[in-house]
Each structure stands twice: as C-alpha cells, then as structure tokens.
Number of protein chains: 2
Amino acid sequence: MFSPLIKELIESLRCLPGVGPKSAQKMALYLLERDSQGADRLAASLRSALDKVGRCQQCRTLTEDNLCPICADDQRNQQRLCIVETPADVIAIESTKQFDGLYFVLLGHLSPIDGIGPEELGLDRLEMLCKEQGVEEVIIATNSTVEGEATCHYIAQLLKPNGIDVSRIAQGVPMGGELEYVDGNTLALALEGRKKL
Amino acid sequence: MFSPLIKELIESLRCLPGVGPKSAQKMALYLLERDSQGADRLAASLRSALDKVGRCQQCRTLTEDNLCPICADDQRNQQRLCIVETPADVIAIESTKQFDGLYFVLLGHLSPIDGIGPEELGLDRLEMLCKEQGVEEVIIATNSTVEGEATCHYIAQLLKPNGIDVSRIAQGVPMGGELEYVDGNTLALALEGRKKL
Ligand SMILES: [Zn+2]
Ligand SMILES: [Zn+2]
C-alpha cells in the first residue's frame, strides 16, 4: 500500500526505542503530511550528531567537544568523582543538584561473557585520572544490579590502595533498579547516605 | 548538561507525535550510545522521503511516484471510488480487504475557518476524475465528525447530478471517532452497510 520510500521510512523509525509498527506508521505519515519542517530538522540534527558527537576525553560521556560541559566547568570540585554506567545516569544524578564534582562514565559494566573487561570500561584511564587530578573522593553509582555491584567492587579494590576515599551510593536505590529510572528524591537520599567501602 | 548538538537532537525528536521531553532524551542517548547504524538509516530515509515523496497525481495520497501503488494497479475496479480524508484512512480501509476500487484522498476536510474550501481538497479534480474514468460508484468515508459529515454532504451534492451512485459508509463507525483508529471489523461492517445518499 505504501510506496518504497515511505515503507523504508516506517521501517527505519522502528530503530527508536519504544516505537512499534503502528506508531512508526503514524510518525511517518505525520511527518510527511503535517511536519516536513520538523522532519527536516530531525534529519539534519541526526546527521550532525552522528558525524560529530564522540566521547569526552576526560569522563567518556557523549559530547562533540573535547571536554563535555561538566568537565569543562572549573567551578566544579575536581577532587570528587562520581562513577556511573551511562550518560543518562549523569543526567539522573545532576537532577538531584546534590553533587558538585566530576563524573566518570563507564559506558557499561564488567561482563566477561560479553568480553567487557576493565580496559573496555576505561579503568586504566580512571586510575590515571585519579592520580593526575589528585582525586580525593570517589562515589560509585553503578546500577544496583548484580553486574553493577560486581563492577563497583572491582573499582573499589582498584582505587582504595591509592589512598582515595571510595564510597557507594546508599541502598535507597531499589534492588535490581536501573539508576536512570529512579526519582530524584530517592537518588538524593542515596547520595546523602553513601557508605564508605 | 548536554552539549549543543545532543540538545538539538533531543529537541528535534520532539517533532514526533507522542514524544515528550523524557522519551526524546531517551531516544537520543539510545541512538548515540547503542544504535548509530539505525540513526544513520533514519537520517537517510528521512532525507530521501522529504526530497522525493509528493502526491499521487490521481488520488493525492503520499508517494514518490507519479501514481501510488493502488492507482497503478490495473486489477482494481476503476469505476469505484472511495473518498477519505488522509493517507492513514486508505490504510485503514485497505486492511478490511473489503474494497477493490480506487481512492481519492482529500488531505483534510472542509473548514472555512482555516481557509480550507473545495479547491484545497481538490474537489474540482475529483469531479473531473469521475468523468474521465467513468466512475459509477462513490463511497464517502470521511470521518464521523461534524466536519467530516459536512464535507460528505458537500461532495454528495457535487457528484449526484453527474448520475453517480453516491453512498456514505454506515454508522458502524462510532460518533466523533476518527477513521484511522477504528478496528478492521467495524470498518468492514460500515462499508457493507453503506447507505445511498
Ligand atoms: Zn566529561
Ligand atoms: Zn493514487
């Protein structure tokens, strides 16, 4: 019923998380019938984000600059580091307004089965960064999942010999929960009640 | 917290129907972190759909060809025409498998307040098409809304003097309902029980 280009647009919209065949069709027709300007803007911004966005050289989060806005902000406490799994977790912690230090984004967690070891998470770079910046306190905010806990444990063992004060955010985060979906108040409490490792 | 290109991507994803700030953020991070191939395909298909998709010269639905796949199909009954408001309505009727004729897509309904009159809906072209193709039966399947009913009435008055058998799909479609969201069985019944105007 649809011509090839429209079919292809519907198919390609399905790469978006949470978008099934019905909503992909609805989105495609909506863009073509009623919002070609929005579609044009979307095509252009996808293209430039794909071409230019890479990793922050310091914390590994997504950015098109050498340093992300947080790492580039010299008002932040350079001696404090919060370690998270994903860029979305940075946003979640920032929204609590309870943390004034810098981040380190693992972009995953230890998972030997998938071939994700310490190097893939940039842990050598993390250790170097701690030394270079004279980091005094590290808060580990990996997810409260089995993998997140294992990753936390590994990092704690790695950094504690360097004399760094390493803590884990408190169990205010529900067990098995993914940080990204936890409400700001709970996250603030979890930061507040962090326990020394 | 986000760099400018990522902010722009999040903003531009909000042109998609049903996508609020939270899901736009989730989509942007998902694409950049985990599915740059999908994002690339989406950018490319948006671009070519925008550049090439126009209107079918005969029925006015969306297509990149001169004729849409339905108008180009000579197995369909050329003497029967179903009039709908949008391309999504064509899909809804096709899914009933109860109609073997051609379509005419108004791309809207009469709405004097918005400056949408008979010319904007291509009604002059509709009348010409009926004559040229020797159309014998027209089924009007505009939405069961006040505007859809008014548009139906206008078209019936326009075509009946030409000796065409004009009918309206039956009130199986719930009052105030939009065709696109009606289930296939109800639509099939509505087609079946159409009343002569
Ligand atoms: Zn950074
Ligand atoms: Zn057509």
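Looking at an unreviewed UniProt entry, one finds chain A named Recombination protein RecR, with Marinomonas communis as its source organism. Under the heading Function (unreviewed entry), UniProt records this for chain A: "May play a role in DNA repair. It seems to be involved in an RecBC-independent recombinational process of DNA repair. It may act with RecF and RecO." UniProt, in the comment section headed Sequence similarities (unreviewed entry), describes chain A in these words: "Belongs to the RecR family."

Quick look at the coordination of the zinc ion (ligand 1) now. All names here are of chain A. Bound to the zinc ion (ligand 1) on the protein side are Cys-56 (SG), Cys-59 (SG), Cys-68 (SG) and Cys-71 (SG), at distances that span 2.3 Å. For the zinc ion (ligand 1), the four donor atoms are set out with angles of 106 to 119 degrees between them, so the coordination reads as tetrahedral. Spacing between the donor residues of the zinc ion (ligand 1) along their common chain follows C-x2-C-x8-C-x2-C. Separated by twelve residues along the polypeptide, Cys-59 in the loop between strand S1 (54-55) and strand S2 (62-63) and Cys-71 in the loop between S2 and strand S3 (77-84) bring together distant segments of the chain. Relative accessible area serves as the criterion here: at 2%, Cys-59 is assigned to the buried category.

To continue, consider the domain arrangement of chain A. One can read the domain layout of chain A as domain 1 (4-52) and domain 2 (77-168). Distance from the C-alpha centre of domain 1 of chain A to the C-alpha centre of domain 2 of chain A: 35 Å.

In this section: the layout of surface pockets. Quantified by volume, the largest pocket comes out at close to 490 Å³. Taken together, 22 residues make up the lining of the largest pocket; nearest its centre are A:Thr86, A:Glu178, A:Glu180, B:Glu33 and B:Arg34. The set of elements that each furnish at least two residues to the lining of the largest pocket consists of helix H4 (87-94) of chain A together with helix H2 (21-34) of chain B. With five residues, the single largest contributor to the lining of the largest pocket is H2(B).

Once that is clear, we can look at empty space enclosed by the protein. Under the counting rule described, the total for this entry stands at two cavities of 30 Å³ or more. Taken as a whole, the largest cavity spans an internal volume of roughly 120 Å³. Lining the largest cavity are 15 residues; nearest its centre among them are A:Met1, B:Thr61, B:Ile70, B:Pro87 and B:Val90. Elements that contribute at least two residues to the lining of the largest cavity include exactly helix H4 (87-94) and strand S4 (101-105) of chain B. Among the elements that line the lining of the largest cavity, the one with the most residues is H4(B), at three residues. Across the lining of the largest cavity, the residue classes tally to 14 nonpolar, one polar and no charged.

Our focus in this paragraph is the interface of chain A and chain B. Taken together, the contact between chain A and chain B spans 55 residues of the former and 54 residues of the latter. Between chain A and chain B, the buried area comes to about 5100 Å², and carbon and sulfur atoms account for 72% of it. Where chain A meets chain B, there are four salt bridges. For A:Asp40, the salt bridge goes to B:Arg47, with nearest N and O atoms at 3.2 Å. Counting across the interface, chain A meets chain B through ten residue pairs in polar contact (both at pLDDT 80 or more). The dominant element in the side of chain A that touches chain B, judged by the number of residues it contributes, is helix H3 (residues 36-52) of chain A, at 15 residues. Looking at the side of chain A that touches chain B residue by residue, the class counts come to 31 nonpolar, nine polar and 15 charged.

About the thresholds
Residues numbered from 1 in each chain as written. Chains lettered and ligands numbered in written order. Predicted model: local features only at pLDDT ≥ 70, side-chain atom pairs only at ≥ 80, totals over all residues. Heavy atoms only, no water. UniProt positions renumbered as here; feature names shortened; annotations may be inferred. Donors = N, O, S within 2.8 Å, 3.2 Å for Na, K, Ca; no water. Tetrahedral: all angles 85-135°; square planar, octahedral: opposite > 155°, others 65-115°. Helix = DSSP H or I, 4+ residues; strand = E, 2+ residues; numbered from the N terminus. Buried < 20%, exposed > 50% of the residue type's maximum accessible area, 1.4 Å probe, protein only. Domains from an automatic or database assignment. 1 Å grid on protein atoms, 1.4 Å probe; cavity = no way out; pocket = protein on both sides within 12 Å on 5 of 7 lines; lining within 4 Å. Points joined across faces, edges and corners; volume = space filled by probe spheres on them. Nonpolar A, V, L, I, M, F, W, Y, C, P; charged D, E, K, R; others polar. Contact = heavy atoms within 4.5 Å. Buried area = accessible area lost by both parts, 1.4 Å probe. Salt bridge = Lys/Arg side-chain N within 4 Å of Asp/Glu carboxyl O. Polar contact = N/O pair within 3.5 Å; in protein donor to acceptor, adjacent residues only side chain to side chain.

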